[in-house]
Amino acid sequence: MLDIKRIRTNPDETINGLKNKGVDAEIDNILEIDKKLRQLENETDELKHRRNVVSKEISLKKKNKKDASKSISDMQKVAKTIKVNDNEIQKYKNSLNELLFNTPNIPHRSAPIGTSEKNNVVVREIGKKNEFNFSIKDHIELAENNSLIDFERGAKIAGSGFPLYTGEGAKLERAIINYMLDVHTTEHGYKEILPPFMANIKSTTTTGQLPKFGDDMYFINEDELYLVPTAEVPVTNIHQEEILDVKDLPIKYTAYSGCFRREAGSYGKDTRGLQRIHQFNKVELVQFVHPDKSYEVLEEIVNNAETILKNLKLPYRVIELCTGDLSFASSKCYDIELWSPATEKWLEVSSCSNFEDFQARRGGIKFRENNKVNFAHTLNGSGVATPRLMITLLENYQRKDGSIEIPEVLVPYFGKKEIRK
RNA sequence: GGAGAGGUGGCCGAGUUGGCUGAAGGCGGCUGCCUGCUAAGCAGUUGUACGGGUUUAAUGCUUGUACCCCGGGUUCGAAUCCCGGCCUCUCCGCCA
């Protein structure tokens, strides 16, 4: 959520920033409601002040056995006006909030200006694309030939987009998750979290999925709970409505979670195999930081995710998203993409964002420094999501005979050096 | 799912015949005094949000309103009374 005071004092900054994101914000409307709201609040505060004063007088009069009926009848009228005004104020507040909660974050000055992913910038490309001297198979064939994933039975159980990992496939998935968590906790200093896989309306509003993107999530009607689309949601909300001590910053959490996404409206896109699925596993990195540090920390988070890919010796590249491609809540974002040799495409496995105080305002995540309270900055990044990692791992580590080599760092976790049928 | 208890400031904990309680008391925190250092002691101070006025380079000062789980209601006036909801705990049932 944007700071209403900032919009008030510098509306052009907001308008231009949002324009870069491709959004026509209703700033005029926001300012008008804000003005009316404050005016009415002032009037009503004065009435309430009078009521408080006179009520004390009434109390005294009664104590001294004096007649208070005139004051009481006066205050009856005042009370009525207050009630009417309070209702009106609530209406203004509701519409102001609706506007503010639906207004996206402003891009950071350093984000490249552009309208679509075509304007994204490749920051660096690491690792060499493998050269194969045989005709390679794609991940689906590799997974099915080696009995790692049973897509058909997964679909039987829950529908397409719900892969069923079996045998060594299940074990490899688990090895990857464990490996990533270990690196982030022991080498990068994150505290491990295993969060709830469902979150309520307030929590999903904090991170920005609600109110606009509710349709992307699975919703349990009876309990008013969303299945988490990412661990970002539960983990960012750990400190919802808290005032942290500046000494405790930065707070660094890493969390494994299942991720559930309806992917509505993307039928027909990347539907084969693991590319775009409804349930997947991800290890997430979340940090709560001092506002002065958040852009430094964004680079740190990208590096943390890259470490995993470097150690796995998979070729990847880092993309800086242009303003038009930034998500609703983020000010600046890097994507990391892995190279899939079978499809000859780059596949996104991580998205690292700085939200500045956007989520913190929605969720009331603050910190105290020198007796002053301020909003923290929140960031997160995938470290990383498993499905496309699995795709590129299988494809890059396949051998001519159809077997799959296990990357060195995963061997202790997987227990074997190769998968061979 | 059934029965009961309860939700007060950073924490503990008073306050439920409605008014003088933003909230006693204690702990913790901060400031000053004291002290060779530490501890103890003494004095003061100590919530958040949103406004108004004044002021500064940053800041500060002052004033108002709201907040005792959330939302309604009664009343001139509610932490205190009434209704609805949420959450926590205990017991029973069910269950991985």
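Parameters at a glance
Residues numbered from 1 in each chain as written. Chains lettered and ligands numbered in written order. Predicted model: local features only at pLDDT ≥ 70, side-chain atom pairs only at ≥ 80, totals over all residues. Heavy atoms only, no water. Helix = DSSP H or I, 4+ residues; strand = E, 2+ residues; numbered from the N terminus. Phe/Tyr/Trp six-rings, centres within 6.5 Å; stacked < 30°, edge-to-face > 60°. Buried < 20%, exposed > 50% of the residue type's maximum accessible area, 1.4 Å probe, protein only. Domains from an automatic or database assignment. Buried area = accessible area lost by both parts, 1.4 Å probe. Salt bridge = Lys/Arg side-chain N within 4 Å of Asp/Glu carboxyl O. Polar contact = N/O pair within 3.5 Å; in protein donor to acceptor, adjacent residues only side chain to side chain.

(A) Broad picture of the environment of I277. Tracing the backbone shows I277 in the loop between β7 (251–260) and β8 (279–289). Along the backbone, I277 and V409 are 132 residues apart, and their C-alpha atoms lie at a distance of 27 Å.

(B) Region of the structure containing the packing of aromatic side chains. Overall, the coordinates contain eight aromatic pairs when judged by the stated rule. Geometrically, the ring pair formed by Y179 and Y413 is edge-to-face, given 5.6 Å between the ring centres and 75° between the ring planes. Highlighted residues: Y179 in helix α7 (residues 168–187) and Y413 in helix α13 (residues 411–414), separated in sequence by 234 residues. For Y413, a relative accessible area of 29% gives the class partly exposed. A connected cluster of aromatic rings, assembled from ring pairs, spans F213, F328 and F358.

(C) Main features of the domain arrangement of chain A. Under the domain assignment, chain A is made up of domain 1 (4–101) and domain 2 (117–419). Put simply, the middle of domain 1 and the middle of domain 2, counted by C-alpha atoms, are 44 Å apart. The junction of domain 1 with domain 2 conceals about 550 Å² of combined surface from both sides, 49% of it contributed by carbon and sulfur atoms. On the domain 1 side of the contact with domain 2, N20, K21 and F101 bury the most area, a combined 91% of that side's loss. Here domain 1 is connected to domain 2 by zero salt bridges. Joining domain 1 to domain 2, the criterion identifies five residue pairs in polar contact (both at pLDDT 80 or more).

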